[in-house]
Structure formats: C-alpha cells, structure tokens
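Listed below are the residues making up each chain.
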Amino acid sequence: MGDCGDAEDEFEDALEVIPAHCKMDLNTALSDSKIAIHLFFNNKFDEAQHILEPWVGTSMYHTIGRSIFLFLEALLTFEQTSIQKASASLKSSIRLCNSYRRKTTLTQSIGNIMKRPNYDSYTPDELHAELCFAEALLLKALLTFIEDETLVSFIRAGIKIRSCYNSYKECNVILSSRSWSENEKSYKEHFESGVRLGIGAFNLMISLLPSKIIKLLEFIGFSGSKEQGLGELELCYQVPHGLRHVLCVLTMLTYHLVVVYVFSQEEGDLEFCDAALRQQLTLYPNGAWFLYFKGRLEFMRGNVDDAIKWYTTSVDSQDSWPQFHHICYWELCWANCVALNWKRAETYAAKLAEQSKWSRTTYNYQRACIMLMRGYNCLSRDELNTVNQLMADVPKYKQRIAGKSLPMEKFAVKRSQRFTNQNNRLFMPAIELLYLWNLFNVFGKRKSLCDNLYRLIDKNTKDLEKNPGQYSSEYEYDNKALGCLLKGVCLRIMNSPLHAEECLKSVISMEKKIKEDRFLVPYAHVELAFLYKVKGNPEKAAYYLDIAKKNYSGYSLETRLHFQIHCAWSTLNERNTTTTTDHNDLTPVSRFDDNQ
C-alpha cells in the first residue's frame, strides 16, 4: 500500500505525538460515542458520522469511533480505497491514543520491570487511552491481513497482534488492581466493558485454532481458553451500560450462531442468542446486523421459512451499505438450498457472483453447482451455456493471499476441471457444498428437511449405480465415495447409526480406488468419530480422530477438517488412557504423495 513509509507501518509510528488534545471532557466524549453507536446500529450511519467528525483528530473516542466505522466498511466492501481509508484512520487513532497515555521516563520504565506501576495515580483520560490504544492496535493488526497479500505482512500482523495482546493484559491488570473511587463508577463501567470484550475475544479466538498453531502461539507468549473467553464476554454482557456492550453482544452472537456451526458439530447457546436478540431488536428494531442474526438463529433452529423472512427484512432495512446485503444473500442462497429450492437459491447465488468482490471464484462455482442440481433435462440451452461459462470462469478469479490460494477457491478450481473431464457434469455438487459448509446439521433439526435430503441423495446414488459412466468411468469411485459419504452423514443426523456406519466404512474401503478425491477418506474417519461420540463411545471416537489427524495429509480442505478435529477433541468427555497411549504410538504416515 502506498509509499515505503506505509509499507514499513510498524507500531513505532504510534510514538509520534499529536500535541493538540481536545477540550472536550471524557464524560461528554463517552456520551457522544454512545449516541453514535445507537444511531449506527439503527442504520443511521450518516447521523452517527456527523456526531463524531467535528472532534476526529483531537478526541480519542470520537477518533477511534470513526475508525471502527471505517474498519467495518472495509471489511464489508473489501475495496482497496476503503481499506486504505480505514488503515490511515487507525494509524491516526493509534498516534492520538498514544499521546494521551501516561508518559514514563527511561528510569521509570526500568523500575516498572521490577515493580508494578501505581495505577491509582493514572487519570481517567490516561486509563481510557490505554484501552483505546489496545483497540486501535487490534483493528490495525486485523486490517493488515486484508490490506496486503504478502507473507511479510502476515508476519507483521502477528507481531502487532502480540503487542495488542500485551496491551489488553496490561488493561486487565489496571482493572483489577486500581482502587476505583465512587465518582469514577461510569469511567470504570466503560473501561471494564472494553477490557472484558478484548480479553474475551482474544481467548475465544486463540482457543479455536488447531493444536499445532496453539503450541506455536504459546511459545511466543499467547494462551487461550474457550471457557475464560466466554466467561469474560459474559461478564462484559452483564455491564449493560458499558460503551462496548453492543460490540460484546455482536461478538457472542457471531460465536454462538456462526463460528460454532462452521467449525464444529456442537450447538451454540441458542437460548442466550434468543434472549439477547429480543433485547437488541427492542433497542435497534431496524438494525441490519441484529435482523441478520435473528435470521441466522432461526436458520440454526431449522426454521428455514422464518430465516428467509428475517434475512430479507435485514436486506430491506437499509441501502447505505449494499455490501451488507451480500452477507444476507449468502445466507438466503444456502437457506433455499436447504429447502431444496434450487431456482430461488440460484437467484441469490447470481447476485453474489455479479455484485460481491469477496471471492468470485467461489461465487461462480456455487452458482453453477446450484443450477446443475435442477437436472440437465430441466435446464434450457441458454442455462447450460451459462453453467459452462461460469465453470470456465472459476479459475480466472482465483486469489493468492500470502502466496497461497484460498482452500475453498482451490477446491472450486479442481471441481471446475472435473466438470470438464466428466462431460460437463458433476455429481451432487451443491449437496457436497452444503456438507462442506457444515450445513447438514440444519437438516437434522427438522424431520421433513432430513427426509427430503435423504430421498435426493438416495435417488442420485442409485442413478449412479445404474449408470456410472454418465460422469466418466475414470472417476467412478470418487463419485461413489462421495455418494456414500453424503448418505452416511445424512443417516447419522437421522439417527440411523448402523446404516450410517456402513456407508462411512464403505468410503474408507474405496481408498485405493479413488483417483482424486482423497479428502473423502479422512472426512469419513471424522464422521465415524462423530457417530461414536453420539453413541457414547469416546474411545472409538478418539481412535478415528487420531487416524484422520495422523495418517492423512496433503488433501483438499485439510485445514477445515483439522478445525473440526480440534473442536471434537475439546468436547470429548474423557479419552481412554490406553487408547491414547496406543494411538499416540502410531507412526504418522502420509498416504498421499501429492499435495492436492
């Protein structure tokens, strides 16, 4: 980005001092920020900005408030100009917050290593400067991941995040060790909500990472506990008048309604989400964010029609940020896929492919897959031409970040090549995507949804058995294994464990005959682990998780599966000691020579 100075954007920049402090008192700044937040989450984006703008550059809360809004816009638009604006704004916030922080001499800094500073002597402005400084560092570090696509920037972001992590730890010490006076109650409330949000989000984020990454992070001073993370966020939630309360709610909703369902087979706390959303929709009845999360709640409950209604309401609630519509279009696309309404799903897939800049490779591929689910005989000549063109375009838009392709884009490119190799056909492509996006559990919430899915999979697998050559005999066992995996998972969520086990083990039995889709075998092992976990056999579940983790590597979407393995380990009741010893002695052997 920009010139060499920007490229070397280290936090030493933050040591620059902005001499002009504002004359606005902290109380008024906090009050203005609360009003701006209320307007912002009721879709009154311009009014929120107007409150902040006059004091940007002098008041730290007005300045970081503006930075947060620009950061969210950058995250939604993914446009370089928005990213640059947010980055510049956050740099200004870091410098300004640093100028408000307590200044220490070299002698004092050395003394602070030996003993803790006297936080009782800090003014409220200095305390909140520490917190706002940590927040600005965090947002700037996160922005680094999307503003530059080089490995160096990723390493730099990691260093910045560590600085931020240490700043939050320091704020936590201040919160617990300072003697807060009675007339500082409001200041403490806002400070506490920010500290608990930061510490909670950090712990939650780190706890979700695969174990090998956690070990590396622990080596450089990070640690993360899911229990502590959720506990801190719960404490933040219990400070309803804290400035960051609404951000805490958004974090918890994101975790319970999105993260849990994408990365694991567990359930989010839907009762909490229901209560929190009732409260937030009372405060922000037209708030696009909370209308979206209400849709997501109903979707995770299996109430597809209600979910579609709430997502549509979120889209209709505002047009200032059309990029937020894309998040809802994504959900509307998959909600209609779960309902097996392919024509309606394709409408939203088309909107994403035409309007969104996030991943045109993924969007083009999923639109083509959804169209194919209607059946070749049901597609017009023009529609078949559209499918062919979409598949041809899939590789054109593939992105590289830090020198690497995105796993789902890489998968889509491979599947588009398979489409060509199989006479312009793919076997149940959208059902495969529903599985890979971990949406089969939604089918499990409603018997009617499950029955419809099973009938569709059963029909397609039987058609394949009758005429395996319709796709290409070269990939006969790849397609058969995919059919067995999808059928097995469907039977698992339908609570038919014996038939599910039979299907999943048949995938493993085809291992040597599978030409390309080698990822199906480790995925089948993990599905068997989920099956045995539900059956109350943690030892057998651990056995299959071990095999998937240690005996397979270099397959498509490997990291995605490792997240699920990590989450499954963390929720197993108690692993049998003998099983642990036996299977830890297994020599890790990669059965795959090529890196897919």
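Just so it is clear, the structure is predicted and the values come from calculations on it, not from any experiment.

1. With respect to the nonpolar core
Across soluble globular proteins, nonpolar side chains show a tendency to be buried alongside one another. One finds Tyr61, Phe290, Ile431, Leu434 and Phe440 to be the most contacted residues of the largest nonpolar core, which totals 188 residues. With 12 residues, helix α7 (residues 124-147) is the single largest residue contributor to this core. Ignoring sequence-local partners within four residues, the contact set of Tyr61 consists of Leu26, Ala29, Leu30, Ser33, His128, Leu131, Cys132, Leu243 and Arg244.

2. So, helix α11 (residues 226-237)
Taking 1.5 Å per residue, 12 residues should reach 16 Å; α11 reaches 16 Å between its end C-alpha atoms and fits that length. Among all positions in α11, only Gly229, Glu232, Leu233, Cys236 and Tyr237 are buried. Viewed end-on, α11 has its buried residues packed into an arc of 145 degrees, placing them on one side of the element. Check the buried side of α11 and you find it contacts α9 (185-207), α12 (245-263) and α13 (270-283). Its side-chain oxygen placed 3.4 Å from the backbone nitrogen of Glu227, Ser225 serves as the N-cap of α11.

3. Looking at helix α14 (residues 288-300)
With 13 residues, α14 ought to run about 18 Å at 1.5 Å a step, and its terminal C-alpha atoms sit 18 Å apart, in line with that. Most of α14 is tucked away: 13 of the 13 residues are buried. The first or second residue beyond α14 is Gly302, which carries a positive phi of 90 degrees.

4. Let's talk about the pattern of salt bridges
All chains considered together, the criterion is met by 32 salt bridges. Between Glu432 and Arg415 there is a salt bridge, with its nearest N and O atoms 2.7 Å apart. Of this pair, Glu432 sits in helix α21 (residues 429-436) while Arg415 sits in helix α20 (residues 407-421); the two residues are 17 residues apart in sequence, bridging distant segments of the chain. According to the relative accessible area criterion, Arg415 is buried, its value standing at 4%. Through salt bridges with shared partners, one network takes in Arg415, Arg418, Glu432, Asp478, Glu516 and Asp517.

5. Some words on the packing of α14 against helix α16 (residues 322-338)
Packing of α14 against α16 brings their axes to within 11 Å, and their N-to-C directions diverge by 15 degrees. On the basis of the axis angle, α14 is roughly parallel to α16. As α14 runs across α16, the sense of the crossing is left-handed. Packed against α14, whose contacting residues are Ala288, Trp289, Tyr292, Arg296 and Phe299, the element α16 presents Phe324, Ile327, Cys328, Glu331, Trp334, Ala335 and Val338 at the interface. In terms of residue class, the contact of α14 with α16 is made up of 10 nonpolar, no polar and 2 charged.

Scoring rules and cut-offs
- Residues numbered from 1 in each chain as written.
- Predicted model: local features only at pLDDT ≥ 70, side-chain atom pairs only at ≥ 80, totals over all residues.
- Heavy atoms only, no water.
- Core = buried A, V, L, I, M, F, W, Y, C linked by side-chain atoms within 4.5 Å.
- Buried < 20%, exposed > 50% of the residue type's maximum accessible area, 1.4 Å probe, protein only.
- Helix = DSSP H or I, 4+ residues; strand = E, 2+ residues; numbered from the N terminus.
- Contact = heavy atoms within 4.5 Å.
- Expected span 1.5 Å × (residues − 1).
- Arc of directions from axis to C-beta.
- Polar contact = N/O pair within 3.5 Å; in protein donor to acceptor, adjacent residues only side chain to side chain.
- Salt bridge = Lys/Arg side-chain N within 4 Å of Asp/Glu carboxyl O.
- Axes fitted to C-alpha atoms, helices over the stretch in contact; angles between N-to-C directions.
- Parallel < 35°, antiparallel > 145°, perpendicular 65-115°, else oblique.
- Left-handed = near helix turned anticlockwise from the far one by under 90°.
- Nonpolar A, V, L, I, M, F, W, Y, C, P; charged D, E, K, R; others polar.

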